[in-house]
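Spelled out, the chains give:
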Amino acid sequence: MINLFKANLDSQYNIIKEVAKGQFNWRVICQKDPWMQGVDWDIQWTDTAPSIDKFSKIKPYQKINHFPAMFQIARKNYLAKNLKKMQKNFKDDYKFFPKTWLLPQDLSELKQIIAQNSQRSIKQVYIVKPESLSQGKGIFITKRVDQIDPTEHLVVQKYLKYPYLIDGLKFDLRIYVLVTNVQPLRIFIHKEGLARFASEQYQHKSYSNPFIHLTNYAINKDNQNFTSDQNGETGHKRSLKSVYQTLQKDGIDIEKLQDRIDDIIVKTLISIQPDLVHNYRTCQPGDQFNNMCFEILGFDIILNKKGVPQLLEVNHAPSFNDDTNLDRIVKSQLLTDTFRLLNVTLPEKNKVLEQIRLQTEQRIIGSIKITKQQHLSQKIDIYLERLRERDNYEFENLGGYRVIYPAYIKDSNMIDQEKMIKYQQFLDCAKKYTMDIKIAKDEESKVQVKQTLIKTVKPELDSIKKVIPEKLRRNISTQSYKNLADFLNKKSQIQLALTKNYENNTPKRGQILSCQNIDLTSASKIKFQDLSISPSHQDNPQSPEFFQENGSIESSQHQDFMTNFTNPKNVKLNL
Ligand SMILES: Nc1ncnc2c1ncn2[C@@H]1O[C@H](COP(=O)(O)OP(=O)(O)O)[C@@H](O)[C@H]1O
Ligand SMILES: [Mg+2]
């Protein structure tokens, strides 16, 4: 029987299609832009994150493999910016990320540090990375950062000179992480992953030799020394499991190492959680379940010589190449476990559709029979029930995954309250930053809107004012408008008021004509979108208010800009 479940897999990686067909029997289609082509789908995979407007078009039963704004950790400059803001407040908790400078803005700070180091004869080595490339492209290691082109946009990082070595080789870990929900945040880590090895013996020199200092597979595969075995136990690409075994033999406490890695992942995602929520809600203000996106992230982790993990970067499009047998084993398991955990099936889709139908029906009938409060509490009940159902399903279908947020007490299904209280502090801090940025942006748009209004609307109002009789002008007062539509509405009222007023009792009919001749529609040429005002959740009647209590950004009064010019709104409003 043909499966009706449609997977749109716009990916260069065959293994994704193989798993979708072989393990799940999905009907695979490969459209670049299914929205444009009018093609329906149930799950979609794209190698690069879609634009924000695409996220807004996703239907409640569909799922896509990216969250809007995940670039906030998946691009090197944004990751550094977000972790640095947390480091400012929680120095010890966020010391898992090497000291980083963003050029050109941090250039003077960096120069100062270089000067201090040279005074103390400290020879620091730096690794310089392009902001948004991957696979080791454009990376170089240098002691002379003062020679870098100061106009280029680069990420400069303290080079970790003493990494943990296995067989004398530098390596890093590719840890696979799945995010299924941003509010409440839900993060899973997969037990399998990869360790990528440099292909030449490590030494504190020859910094221009990438086979010694960079551990990317894309680089080392081109070295003639490169080897790999069937099970990933030796050579330059190994399984995470086998490297953990080697480390354990070396005396590293693996449980502690895993806890530290979990902690790095959670703290990194927490640093942008409010932003993820805000963006998700902006794209999908009516969606209560935050169920439409998922994302597999590749965390690159390196160990220092004591075995303490450090975060290098986060990839939101980790490679799904299946060059080696090990790749095939690890990645097909990862994909199988992911798709199963997501519970993307036809019955589930039908359940969502049925729920929407019921809600619409209730909205129509409910508006007569139940109060707003009852409606909200019903909504919360449905939401909590759905979350419970989802949690239960996930616990029973973890495969190789383990939940790392919310934090659970090891081998139990009890929440680790102590850890969660700690994480809440970080969340609060991240939320404050997001709010501050939003307020600053709102201020900026207020100024923009005001300027546009003054430029385009004020001359018109001035001419209207001229034709208003003196006694009516006394009623004129300074007013504020909530938005442009409000303003335009008032304007038509003025027009009506003026016209009526003059028709009824004014002797100066000539002036009526000049008033009517004013082009009152020209103000509508100002488009709200052009003024870069983001949609407000508060204004959206579908937005469930209870989200605003926990993590989501309250819409500030960003549309409540003051128009300080005289407003003849009070003229004959009794009409
Ligand atoms: N701060 C660092 N100290 C030491 N080695 C690093 C550092 N940053 C990156 N590397 C090495 O460079 C490689 C590539 O860096 P990464 O940040 O992962 O960029 P890319 O996106 O190009 O993979 C890493 O896999 C690691 O081997
Ligand atoms: Mg990398």
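What counts, and where the lines are drawn
- Residues numbered from 1 in each chain as written.
- Chains lettered and ligands numbered in written order.
- Predicted model: local features only at pLDDT ≥ 70, side-chain atom pairs only at ≥ 80, totals over all residues.
- Heavy atoms only, no water.
- Helix = DSSP H or I, 4+ residues; strand = E, 2+ residues; numbered from the N terminus.
- Polar contact = N/O pair within 3.5 Å; in protein donor to acceptor, adjacent residues only side chain to side chain.
- Contact = heavy atoms within 4.5 Å.
- Pairing = 2+ DSSP bridges.
- Axes fitted to C-alpha atoms, helices over the stretch in contact; angles between N-to-C directions.
- Near = heavy atom within 4 Å.
- Areas by Shrake-Rupley, 256 points an atom, 1.4 Å probe, with all protein chains shown as cover.
- Nonpolar A, V, L, I, M, F, W, Y, C, P; charged D, E, K, R; others polar.
- Buried < 20%, exposed > 50% of the residue type's maximum accessible area, 1.4 Å probe, protein only.
- Donors = N, O, S within 2.8 Å, 3.2 Å for Na, K, Ca; no water.
- pLDDT = per-residue confidence, 0-100.
- Core = buried A, V, L, I, M, F, W, Y, C linked by side-chain atoms within 4.5 Å.

- Looking up the protein in an unreviewed UniProt entry gives the name Tubulin-tyrosine ligase family protein, with the organism given as Stylonychia lemnae.

## Remarks on the side chain of Glu313
Then, in step 1: Examined against the element boundaries, Glu313 turns out to sit in strand β15 (residues 309-315).
Then, in step 2: In this structure the side chain of Glu313 is engaged in a polar contact, spanning 3.4 Å, whose partner is the side chain of Asn315.
Then, in step 3: Here Glu313 is in contact with Lys76, Leu79, Gly298, Phe299 and Asp300, once residues within four sequence places are set aside.

## As for the sheet that holds strand β5 (residues 100-103)
Then, in step 1: Taken in spatial order, the four strands make up an open sheet running β5-β8-β6-β7, and their pairing is antiparallel. Every interior strand has two partners, whereas the edge strands, β5 and β7 (140-142), have only one. The average undirected angle you get between the axes of adjacent strands in this sheet is 25 degrees.
Then, in step 2: Across four bridges, β5 lies against strand β8 (residues 154-158) in antiparallel orientation. Residue pairing for β8: Leu102 is matched across the bridge by Val155.
Then, in step 3: Of the strands in this sheet, β5, β6 (126-130) and β8 touch helix α6 (residues 107-119), which is tilted by about 130 degrees from β5.

## Some remarks on the site of ligand 1
Then, in step 1: The immediate surroundings of ligand 1 are formed by 21 residues, with Lys76, Lys129, Gly136, Thr215 and Asn216 found nearest.
Then, in step 2: Within the side chain of Lys129, a nitrogen or oxygen atom sits 2.7 Å from an oxygen atom of ligand 1.
Then, in step 3: Taking Lys170, its side chain carries an N or O atom lying 2.8 Å from a nitrogen atom of ligand 1.
Then, in step 4: For ligand 1, whose free accessible area comes to 540 Å², the fraction covered by protein is 99%.
Then, in step 5: Within the residue set of the shell around ligand 1, elements represented by two or more residues are β6, β8, β10 (169-182) and β15.
Then, in step 6: In terms of residue class, the shell around ligand 1 is built from seven nonpolar, seven polar and seven charged.

## Some thoughts on helix α9 (residues 240-249)
Quick reminder: α-helices carry 3.6 residues per turn. Residues three or four places apart thus point the same way.
Then, in step 1: Among all positions of α9, only Leu240, Ser242, Val243, Tyr244 and Leu247 are buried.
Then, in step 2: Just past α9, the residue Gly251 takes up positive phi, approximately 100 degrees.

## Some remarks on the coordination of the magnesium ion (ligand 2)
Then, in step 1: The coordination sphere of the magnesium ion (ligand 2) contains the protein donors Asp300 (OD) and Glu313 (OE), at a distance range of 2.0 to 2.2 Å. In this pair, Asp300 sits in strand β14 (residues 295-303) while Glu313 sits in strand β15, placing the two residues 13 residues apart along the sequence.
Then, in step 2: The class for Asp300 is buried, based on a relative accessible area of 5%.
Then, in step 3: Residue classification places Glu313 among the buried residues on the basis of a relative accessible area of 10%.

## What to know about the confidence of the model for the protein
Then, in step 1: Here the protein averages 80 in pLDDT, while 77% of its residues score no lower than 70.
Then, in step 2: Across the protein, the secondary-structure element scoring lowest on mean pLDDT is strand β18 (residues 562-567), at 26, and the one scoring highest is β14, at 98.
Then, in step 3: When the criterion is pLDDT under 50, residues 474-479 qualifies, and its contacts beyond four places in sequence or with other chains add up to 14 contacts.

## Notes on helix α11 (residues 273-283)
Then, in step 1: Across the eleven residues that make up α11, a large majority, ten, are buried.
Then, in step 2: Residues Gln273, Pro274, Asp275, Leu276, Val277, His278, Asn279, Tyr280, Arg281 and Cys283 constitute the buried set of α11.

## A closer look at the nonpolar core
Then, in step 1: Leu173, Ile175, Leu247, Ile265, Leu269, Phe299 and Leu311 are the most contacted members of the largest nonpolar core, which has 68 residues in total.
Then, in step 2: Element by element, the count of residues in this core is highest for helix α10 (residues 254-270), at eight residues.
Then, in step 3: Leu311 has contacts with Leu79, Leu83, Phe96, Phe97, Pro98, Ile264, Thr268, Phe299, Asp300 and Ile301, leaving out every residue within four places of it along the chain.
Then, in step 4: Leu9, Ala20, Phe188 and Leu342 belong to the second largest nonpolar core, which has 31 residues in total.

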